[in-house]
Amino acid sequence: DHIIRYFTMKLYGDGDVVPQGKPLKGSHHTLDYYKKAISSFIPNKQQPWDNAIKKGNPTRAKVVNKFIHRIRELEGDEGSSKKRKSGETPI
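Residues numbered from 1 in each chain as written. Predicted model: local features only at pLDDT ≥ 70, side-chain atom pairs only at ≥ 80, totals over all residues. Heavy atoms only, no water.

1. Concerning helix H2 (residues 28-39)
- Taking 1.5 Å as the rise per residue, H2 with twelve residues should run 16 Å; its terminal C-alpha atoms sit 16 Å apart, in good agreement.
- Within H2, burial applies to His 28, Leu 31, Lys 35 and Ser 39. Taken down its axis, H2 places every buried residue within 70° of arc, on the same side. For H2, exposure combined with an orientation more than 90 degrees from the buried face picks out His 29, Tyr 33 and Lys 36.
- Elements in contact with the buried residues of H2: helix H1 (2-12) and helix H3 (62-75). (Helix = DSSP H or I, 4+ residues; strand = E, 2+ residues; numbered from the N terminus. Expected span 1.5 Å × (residues − 1). Buried < 20%, exposed > 50% of the residue type's maximum accessible area, 1.4 Å probe, protein only. Arc of directions from axis to C-beta. Contact = heavy atoms within 4.5 Å.)

Quick look at the structure:
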C-alpha cells in the first residue's frame, strides 16, 4: 500500500489520486526503476511478499505489479521497438 501511494505521488503529484489517463510525471519505466531501487535496500530480495504477515520484499507484491501493468495500459505502450517495427511495412 505504501509503495502504491509513493508511485502514485511520483507519477501524478498526489498519493491519494486514482490513476486515470497518462501519468503527468514519468512512465511505467520510471516505476520499474523505483521498484528496483527500493528492492535493492530489502535484506532478503528473493523472498516474495506475504501480505498476511507483512513480511518479505514488498516490491514483489502482486498489487505492485498489477499497478505497474495498469500504468503501462494507461500509457498505451505497444511494447519494445522491435514489436512496433514488425508491424510496419517497408517502403
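2. Considering the packing of H1 against H2
- Where H1 meets H2, the closest approach of the two axes is 11 Å, and the angle between their N-to-C directions is 140°. On the basis of their axis angle, the class for H1 and H2 is oblique. The crossing of H1 and H2 is right-handed. Residues Tyr 6, Phe 7, Lys 10 and Leu 11 of H1 form the contact with H2, whose participating residues are Leu 31, Tyr 34, Lys 35 and Ile 38.
- Of the residues contributing to the contact of H1 with H2, the split by class is six nonpolar, no polar and two charged. (Axes fitted to C-alpha atoms, helices over the stretch in contact; angles between N-to-C directions. Parallel < 35°, antiparallel > 145°, perpendicular 65-115°, else oblique. Left-handed = near helix turned anticlockwise from the far one by under 90°. Nonpolar A, V, L, I, M, F, W, Y, C, P; charged D, E, K, R; others polar.)

3. Observations concerning the packing of H1 against H3
- The contact between H1 and H3 brings their axes to 10 Å, and the two run at 25°. The angle between H1 and H3 places the two elements in the roughly parallel class. Remark: the crossing between H1 and H3 carries right-handed chirality. For the pair H1 and H3, contact is made by Ile 3, Ile 4, Phe 7, Thr 8, Leu 11 and Tyr 12 and by Val 63, Val 64, Phe 67, Ile 68, Ile 71 and Leu 74, respectively.
- Residues that form the contact of H1 with H3 fall into these classes: eleven nonpolar, one polar and no charged.

Purely spatial values, then, with no claim about function.
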